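# Report on the structure
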Amino acid sequence: MVLRVNEERLWESLEAIAEIGATEGGGSSRLALSENDARARKLFISWCVEAGCDVDIDAIGNIFATRKGREPDLSAVATGSHLDTQPLGGRFDGVYGVLAGLEVIRCLNERSIETRKSVVVVVWTNEEGVRFNPGLTGSQVFSGALPLAVAHDQVTLDGTTVYEDLVATGFLGEGDSCSRKFSAFIEAHIEQGPILEKAGMDIGVVEKVQGITFIEVSIRGENGHAGTLPMEERKDACMAACEIIGEVERQLCRLSADLRVTCGRFTLTPSSISTVPGGADFTFDIRHPDESVISASLAAVGDIVEAVARKRAVEAGVTKSLHKAPVSFDPRLTQKVEAAADTLSLKSMRMVSGAGHDAMNLAAVAPSTMIFVPSLSGISHNEAEYSSPADLANGASVLLQTILDESC
Ligand code: HGY
Ligand code: MN
Ligand code: MN
């Protein structure tokens, strides 16, 4: 039985969610546990209830929409992703995987297909890690990689705690985050890179996700007068930060051409045009498929920070706020995704994910894999992010076939 999803209905659902937190540049801004995130979550839940799902929420705000199977006591087949976005994010990163899962439920309903195992669509809390650390929060708590109490105590960019935000948005659930068992987790996602488009492929069969480490660096020097303080007497946190960032890029890119290093957040204190800044806080996002290269990178960052701090007589602190080793997905499941693409006469290729995903955490507690669809010009974490309705429907149809195969 070769089934395909309803391309128009999937696109309409994406468009409806995209209206929540729509940015002027045509993207999405729904930071985790913000009012926009809560509105999108509530809309999604209303659709799941309409589709006859039981919906429950766990203690870190993960949402589980369950379409009961004939044998509900069996471990369910799960799919899903995230609804939170980057500050100026695209309309497909995360939300596509959530709505592809809902589209699978809708297809099963309209064909009155009864599956043996239940099918669950999940919304993971704070995948992006923008408003509060660490990224991948909800799936880390679910997989036991992050204690719930630590997640609850995280302080957001707005000075609230995650616990307070969960209460304020109505998403502090009772459910124990770690008790649920899945027989498989399959996440559909846009590729967010140029590989599939360049190769002329419809589907990415994701075998592995590269490792990710987030580092926070804080420099403390001394505030001073921009006009009177001689250069050689300064303890300038900004200049120290700039020297560190330049040297980190130079040294890490020499370690491997496949390494990715990004300084995405940089704040100065007191941030005044005529004060030599005594404070600089900035981040590094370091990624590579090989754990030994990431370890070498972290060592190099530590050495560079120490050397520049000594030279410029400032204090420096380095903390790791996220570390996910490279993850390989379940070969049996990955093979099923490839077979589903073949059944649908879609061109597919095996690949490594450059982006991080909740499936990295799920892989620790259930056989997991991912399905990618092409991103226009590889653009993502950018308001111009785009994938075509046909490509999105192809990925959702592969998800449907794979879930059918796993749950019937
Ligand atoms: O940053 C990532 O890789 C993901 O898109 N949050
Ligand atoms: Mn994502
Ligand atoms: Mn993202």
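Please refer to the structure higher up on the page.
For the structure given in this document, a descriptive report is provided here. Here the structure is a predicted model, which means the values were calculated and not measured.

## Notes on the overall build of the chain
Broken down by element type, the chain carries twelve helices and 16 strands. Radius of gyration (C-alpha) of the chain: 22 Å, near the 22 Å computed for a compact globule of 408 residues. Seen along its three principal axes, the alpha-carbon backbone of the chain occupies a region of about 80 × 45 × 40 Å. Per-residue burial over the chain gives 55% buried out of 408 residues. Long-range contacts, defined here as pairs at least 24 residues apart, represent 80% of the contacts in the chain between residues at least 6 apart. By element, 51% of the accessible surface of the chain is carried by carbon and sulfur atoms, the whole surface being about 16200 Å².

## Focus: unusual backbone geometry
Look at the link from Asn133 to Pro134: it is a cis peptide, with omega at -15 degrees. Thr269 connects to Pro270 through a cis peptide bond whose omega is 10 degrees. Counting through the fold element by element, Pro270 comes out in the loop between strand 10 (266-269) and strand 11 (275-276). For Ser345, which is not glycine, the phi torsion reads 55 degrees and is therefore positive. Relative to the assigned elements, Ser345 resides in the loop between helix 10 (331-343) and strand 15 (348-353). By relative accessible area, which is 64% here, Ser345 ends up exposed. You will see that His381, though not glycine, has its phi angle at about 50 degrees, which is positive. Given a relative accessible area of 41%, His381 falls into the partly exposed group.

## Focus on the pairing of strand 2 (residues 63-67)
Among the five residues of strand 2, five are classified as buried, and the element is accordingly described as predominantly covered. Bridge analysis of strand 1 (residues 54-57) against strand 2 gives four bridges, and the strand direction is antiparallel. By the bridge assignment for strand 2, Ile57 is matched with Ile63. Here strand 1 folds back onto strand 2, and the loop between the two strands holds five residues, one of which, Gly61, carries a positive phi near 90 degrees. Alignment of strand 2 against strand 4 (residues 119-123), held across five bridges, turns out to be antiparallel. When the sheet's bridge partners are listed, Ala65 is paired in strand 4 with Val121.

## Focus: the coordination of the manganese ion (ligand 3)
The manganese ion (ligand 3) binds to the protein through Asp93 (OD), Glu128 (OE), Glu128 (OE) and His381 (NE2), with metal-donor distances spanning 2.1 to 2.7 Å. Donor residues for the manganese ion (ligand 3) sit on one chain with the sequence pattern D-x34-E-x252-H. Between the manganese ion (ligand 3) and the manganese ion (ligand 2), both coordinated by Asp93, there is a metal-metal distance of 3.6 Å. Of the two residues, Asp93 is situated in the loop between strand 3 (76-81) and helix 3 (95-110) and His381 in the loop between strand 16 (368-373) and helix 12 (389-407); the sequence distance between them amounts to 288 residues.

## A word on the coordination of the manganese ion (ligand 2)
Protein coordination at the manganese ion (ligand 2): the donors are His82 (NE2), Asp93 (OD) and His189 (NE2), at 2.1 to 2.3 Å from the metal. Sequence spacing of the donors to the manganese ion (ligand 2): H-x10-D-x95-H. Residue Asp93 is classed as buried on the basis of its relative accessible area of 5%.

## Description of the packing of helix 2 (residues 35-50) against helix 3
Interaxial distance between helix 2 and helix 3 falls to 10 Å at its minimum, and their mutual angle equals 15 degrees. One way to sum up the angle between helix 2 and helix 3 is to call them roughly parallel. Every pair of crossing elements has a handedness; the one defined by helix 2 and helix 3 is left-handed. Within the contact between the two elements, helix 2 uses Phe44, Trp47 and Cys48 and helix 3 uses Val98, Leu99, Leu102 and Arg106. Of the residues assigned to the contact of helix 2 with helix 3, the class counts are six nonpolar, no polar and one charged.

## Considerations on the site of ligand 1
Taken together, Asp93, Glu127, Glu128, Gln192, Arg287, Ala355, Gly356 and His381 make up the full set of residues near ligand 1. Here an oxygen atom of ligand 1 and a side-chain polar atom of His381 are 2.9 Å apart. Across the complex, the protein chains shield 91% of the 210 Å² of accessible surface that ligand 1 would expose by itself. Each residue belonging to the shell around ligand 1 can be placed in one class, and the counts come to one nonpolar, three polar and four charged.

## Considerations on helix 3
The terminal C-alpha atoms of helix 3, which comprises 16 residues, lie 22 Å apart, in line with the 22 Å expected from a rise of 1.5 Å per residue. With respect to burial, helix 3 is a largely interior element, 14 of its 16 residues being buried. Two residues or fewer after helix 3 comes Ser112, characterised by a positive phi angle close to 50 degrees.

Calculation rules
Residues numbered from 1 in each chain as written. Chains lettered and ligands numbered in written order. Predicted model: local features only at pLDDT ≥ 70, side-chain atom pairs only at ≥ 80, totals over all residues. Heavy atoms only, no water. Helix = DSSP H or I, 4+ residues; strand = E, 2+ residues; numbered from the N terminus. Rg over C-alpha atoms; globule rule 2.2 N^0.38 Å. Buried < 20%, exposed > 50% of the residue type's maximum accessible area, 1.4 Å probe, protein only. Contact = heavy atoms within 4.5 Å. Areas by Shrake-Rupley, 256 points an atom, 1.4 Å probe, with all protein chains shown as cover. Pairing = 2+ DSSP bridges. Donors = N, O, S within 2.8 Å, 3.2 Å for Na, K, Ca; no water. Axes fitted to C-alpha atoms, helices over the stretch in contact; angles between N-to-C directions. Parallel < 35°, antiparallel > 145°, perpendicular 65-115°, else oblique. Left-handed = near helix turned anticlockwise from the far one by under 90°. Nonpolar A, V, L, I, M, F, W, Y, C, P; charged D, E, K, R; others polar. Near = heavy atom within 4 Å. Polar contact = N/O pair within 3.5 Å; in protein donor to acceptor, adjacent residues only side chain to side chain. Expected span 1.5 Å × (residues − 1).

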